[in-house]
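# Overview (structure and organization)
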Amino acid sequence: MSGFKLFTRLLVSAAVGGAMLAGPAQAQDYPTKPIRVVVPYAPGGATDILARLVGKELSEATGQAVVVENKSGGNTGIGASTVARAEPDGYTLLFTNDATFVLNPALFKTLSYDIEKELTPVGTICYLNLGLVVSTATPASSMKEFAEYTQKNPGKFAYGSFGVGSHPHLMGEVYKKAANSDITHVPYKGSSPAVVDVVGGQVLFTFPALATIQGHIKADRVKVLAISGEERSPLLPDVPTFTEAGYPDLNIGGWYGFFAPKDTPEKIVMQLNETLAKLLENPTFVDALVAQGTVPLKMTPDQMTERMKVESDRTKAIAQMANITVD
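I will try to describe carefully the structure that is included in this document. Fair warning: this is a prediction, and the values are worked out from it, not measured in the lab.

## Some details on the overall build of the protein
When helices and strands are counted, the protein shows twelve helices and eleven strands. Here the C-alpha coordinates of the protein stretch approximately 95 × 40 × 30 Å along the principal axes. Looking at the protein as a whole, 50% of its 327 residues are labelled buried. Excluding contacts between residues fewer than 6 apart, the proportion of contacts in the protein whose partners are at least 24 apart in sequence is 78%.

Here it is in structure tokens:
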């Protein structure tokens, strides 16, 4: 081999070796600049509040600023699309709830984003308990008594949801079948007006997040008969879970997590996952999550993928059973 050919081969080898080393080095050095967290909801809502709570802790853990950016609209599609089309380098993340990665893909025929092809799971933060809430004037103090009450009054009552295809809509339809009750669905534009109408007697029940009704509970305007989740909530330790009350199919609640653009290096994804997992070992942070009416939830990306499939299949089954269509 001539000296020139040998020199050329050495240059090529050095370049290839340098390129191979560059990827791990970049992942190893991550992060070296601010991280943008996109929230597909307007400021002030539950998802936004949780994002800023987590963002503060994430900033302290990584040593980099975490900037929360709200991009609402399109059934969370605008925010999800923004992240899906971002550079897959770990510096643009999506923080959202399962409406984005379970309900929408299961219920909508067309979306502006593809959760499987354009986004990759990073890690979870918490689970949001939802409770079956009635007015204190309702003559039932347990799920058993409530089922008997709705069975004896077919066609007389309605339940409120937070929109067609929302968690409360699915839960209401599941309740109707499980309790063999004839009840009308009334969709609202959020939880507050639905709860107000429960208090006022316009609808019989709804399924709000526990943190949003603490004022009504303290004022003795509403009572919670049961909640979703594996365990009872620290906010209402005397209230049973739906499973404990004999209605396991009503165990439907929201959960929150981070996603990154597809093709984000696995090392960065796992580094973020490990950071989130460590945050959930911090008692102060956990207490802050509980105060928001949530339960800490720790998952790996693979576990997220598995749970998303299970819950998506369940959502499709409920939608088919109840003939729920959203487009």
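## Quick notes on unusual backbone geometry
Omega for the bond connecting Tyr30 with Pro31 falls within 30 degrees of zero, at -5°, which places this linkage in the cis form. On the secondary structure map, Pro31 appears in the loop between α1 (3–29) and β1 (35–39). One non-glycine residue, Thr76, lies in positive phi territory at about 75°. Here Thr76 lies in the loop between β2 (66–70) and α3 (77–84). Its relative accessible area of 5% is what places Thr76 among the buried residues. Phi is positive for Asp263, which is not a glycine, with a value near 75°.

## What to know about the pairing of strand β10 (residues 254–261)
Burial analysis of β10 places eight of its eight residues in the buried class, which makes it a mostly covered element. Pairing between strand β3 (residues 92–97) and β10: four bridges, direction antiparallel. Each residue of the ladder has a partner; that of Asn97, found in β10, is Tyr256.

## Quick word on the layout of surface pockets
What the largest pocket holds in volume is close to 1100 Å³. Mapped by element, the contributors of at least two residues to the lining of the largest pocket are α2 (46–62), α4 (98–107), α7 (167–178), α8 (191–200) and β10.

## Description of the nonpolar core
Ranked by internal contacts, the top residues of the largest apolar core, which has 77 residues, are Leu132, Tyr175 and Phe205. With six residues, the top contributor of residues to this core is strand β4 (residues 119–128). Setting aside residues no more than four positions away along its own chain, Tyr175 makes contact with Leu132, Met143, Phe146, Ala147, Thr150, Asn180, Ser181, Ile183, Phe205 and Leu250. Residues Leu210, Ile213, Val224 and Val239 belong to the second largest nonpolar core, which totals nine residues.

Cut-offs applied
- Residues numbered from 1 in each chain as written.
- Predicted model: local features only at pLDDT ≥ 70, side-chain atom pairs only at ≥ 80, totals over all residues.
- Heavy atoms only, no water.
- Helix = DSSP H or I, 4+ residues; strand = E, 2+ residues; numbered from the N terminus.
- Buried < 20%, exposed > 50% of the residue type's maximum accessible area, 1.4 Å probe, protein only.
- Contact = heavy atoms within 4.5 Å.
- Pairing = 2+ DSSP bridges.
- 1 Å grid on protein atoms, 1.4 Å probe; cavity = no way out; pocket = protein on both sides within 12 Å on 5 of 7 lines; lining within 4 Å.
- Points joined across faces, edges and corners; volume = space filled by probe spheres on them.
- Core = buried A, V, L, I, M, F, W, Y, C linked by side-chain atoms within 4.5 Å.

So, to be careful, I would describe these as geometric facts and stop short of saying anything about function.
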